[in-house]
Amino acid sequence: MPKIIGGSLHAHRQQVRARVFEVLRTQLYERGFDAVTLAGVAAEAGLGRTAMYNHFPDKDSLLVAFVEAEAARYVDRLREAVDAVPDPVAKLATFVRLQLRVLAEYHLPPGTALASALAPAAYRRISAHADPITEQLREILDAGRRAGRLLAEDPDILLPMITAALASRQVVDVPPEQLDRAVEAAVRFVLRAVGATETDETTAE
C-alpha cells in the first residue's frame, strides 16, 4: 500500500497534486506541452506510474487540473486585491495592473498552442476559467457606471475590448526596467477608454 503523506487521504491527495503541478509547471515552460509525458512528470515528482494514473488518467486531464488550480488561485488573488480598494475607478486600475503583472510573470510555453494540442472538451474546460475574471471586470464596470465614475456604455461591448487589450503580450514583453512604465501606461489607456481619469487612488505605489 502506498505511503500516505500528510496524515489523511485528503491531505495526501492535495500534497501529491501540489508536487505534480510544480513539476508540470517547470516542464511546461522548459520543454513545452508536446514534450510532457505522464511518465516523465511522475518520475520527477517521485510517483509510481500507477499512482500517477490514479490521480490523472491522461495528459489532458493533468493539464486541465493544473490550469483549474492555477486559475482558482489567481481569481482569489484578484478578488482580494480589487476588494481592498473602495473606489470603482481604483478597482479598475487594480484589475488592469494585476492582469498585466500576471501576464508578464507567465511566459508562453514553447510548442503547440493549447487549442491545437488538447481535445476540444478539455480546451473548453480550460477556457471556462476566464469567466470568473470576466465577471469580476463586469462588476467593476457596473459599479463605476452606477456611481457615475465611468461611461454609461454597454458592458458587453466594453468587456471584450478591454479583455483583448489586456491579453496583448506586446505590452509587457519589454525589458524589466521598463515594465512599470508600460503597465502604468496601459492602466491610463484603459481608464481613458471608459471615461475615467487617473487619480491618487489609482496610481501605483
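Residues numbered from 1 in each chain as written. Predicted model: local features only at pLDDT ≥ 70, side-chain atom pairs only at ≥ 80, totals over all residues. Heavy atoms only, no water.

Enquirer: An account of the overall build of the protein chain is requested, with residue identities and associated values reported.
Expert: When helices and strands are tallied, the protein chain shows 10 helices and zero strands. Starting at the N terminus, the α and β elements of the protein chain follow one another as α-α-α-α-α-α-α-α-α-α. Across the 205 residues in the protein chain, those meeting the buried criterion constitute 39%. Residue pairs in contact within the protein chain that sit at least 24 positions apart in sequence constitute 67% of those at least 6 positions apart. Here the protein chain has roughly 11,600 Å² of accessible surface; of this, 55% comes from carbon and sulfur atoms. (Helix = DSSP H or I, 4+ residues; strand = E, 2+ residues; numbered from the N terminus. Buried < 20%, exposed > 50% of the residue type's maximum accessible area, 1.4 Å probe, protein only. Contact = heavy atoms within 4.5 Å. Areas by Shrake-Rupley, 256 points an atom, 1.4 Å probe, with all protein chains shown as cover.)

Enquirer: Requested: an account of the packing of aromatic side chains, with residues and values cited.
Expert: Per the stated rule, a full pass over the model turns up two aromatic pairs. When the ring of Phe-21 is compared with that of Phe-56, the centres are 5.9 Å apart and the planes differ by 45°; the resulting orientation is tilted. A residue pair is termed long-range when its members are at least 10 positions apart, and Phe-21 in helix α1 (residues 9–31) and Phe-56 in the loop between α3 (49–55) and α4 (59–83) qualify at 35 residues. Consider the rings of Phe-21 and Phe-66, whose centres lie 5.7 Å apart with planes at 65°: the pair is edge-to-face. One end of the pair, Phe-21, is in helix α1; the other, Phe-66, is in helix α4, and 45 residues separate them in sequence. For the pair shown, Phe-21 and Phe-66 are each scored as buried. Here the aromatic cluster, defined as three or more aromatic residues joined through ring pairs, consists of Phe-21, Phe-56 and Phe-66. (Phe/Tyr/Trp six-rings, centres within 6.5 Å; stacked < 30°, edge-to-face > 60°.)

Enquirer: Residues and numbers for the nonpolar core, please.
Expert: Nonpolar side chains tend toward joint burial in soluble globular proteins. One finds Leu-92, Phe-95, Leu-100, Leu-141, Ile-162 and Val-194 to be the most contacted residues of the largest nonpolar core, which totals 32 residues. At the level of elements, α4, α5 (88–105), α8 (131–146), α9 (155–166) and α10 (176–193) are the ones that each hand at least two residues to this core. Ranked by residues supplied to this core, first place goes to α5 with 10 residues. When near neighbours in sequence (up to four residues on either side) are disregarded, Phe-95 contacts Leu-78, Val-82, Ile-133, Gln-136, Leu-137, Ile-140 and Leu-166. Counting 20 residues, the second largest nonpolar core, distinct from the first, contains Phe-21, Val-36, Phe-56 and Phe-66. (Core = buried A, V, L, I, M, F, W, Y, C linked by side-chain atoms within 4.5 Å.)

Enquirer: Can you lay out the pattern of salt bridges for me, pointing to particular residues and giving the numbers?
Expert: Oppositely charged side chains can pair when the atoms bearing their charge come close. Counted under the stated rule, the structure contains 13 salt bridges. Arg-138 is the partner of Glu-135 in a salt bridge, and the nearest nitrogen-oxygen pair spans 3.6 Å. One end of the pair is Glu-135 and the other is Arg-138, both in helix α8 and three residues apart, which spans about a single turn. Looking at Glu-135, the relative accessible area reads 38%, which means it is partly exposed. A network of salt bridges, in which partner residues are shared, links Glu-22, Arg-25, Glu-70 and Arg-73. (Salt bridge = Lys/Arg side-chain N within 4 Å of Asp/Glu carboxyl O.)

Enquirer: Give me the packing of α8 against α9: which residues, what numbers.
Expert: Packing of α8 against α9 brings their axes to within 10 Å, and their N-to-C directions diverge by 125°. When the axis of α8 is compared with that of α9, the two are oblique. The way α8 lies across α9 gives a crossing that is right-handed. Together, Thr-134, Leu-137, Arg-138, Leu-141, Asp-142 and Arg-145 of α8 and Pro-155, Asp-156, Leu-158, Leu-159, Ile-162 and Thr-163 of α9 make up the contact between the two elements. Among the residues forming the contact of α8 with α9, the class breakdown is six nonpolar, two polar and four charged. (Axes fitted to C-alpha atoms, helices over the stretch in contact; angles between N-to-C directions. Parallel < 35°, antiparallel > 145°, perpendicular 65-115°, else oblique. Left-handed = near helix turned anticlockwise from the far one by under 90°. Nonpolar A, V, L, I, M, F, W, Y, C, P; charged D, E, K, R; others polar.)

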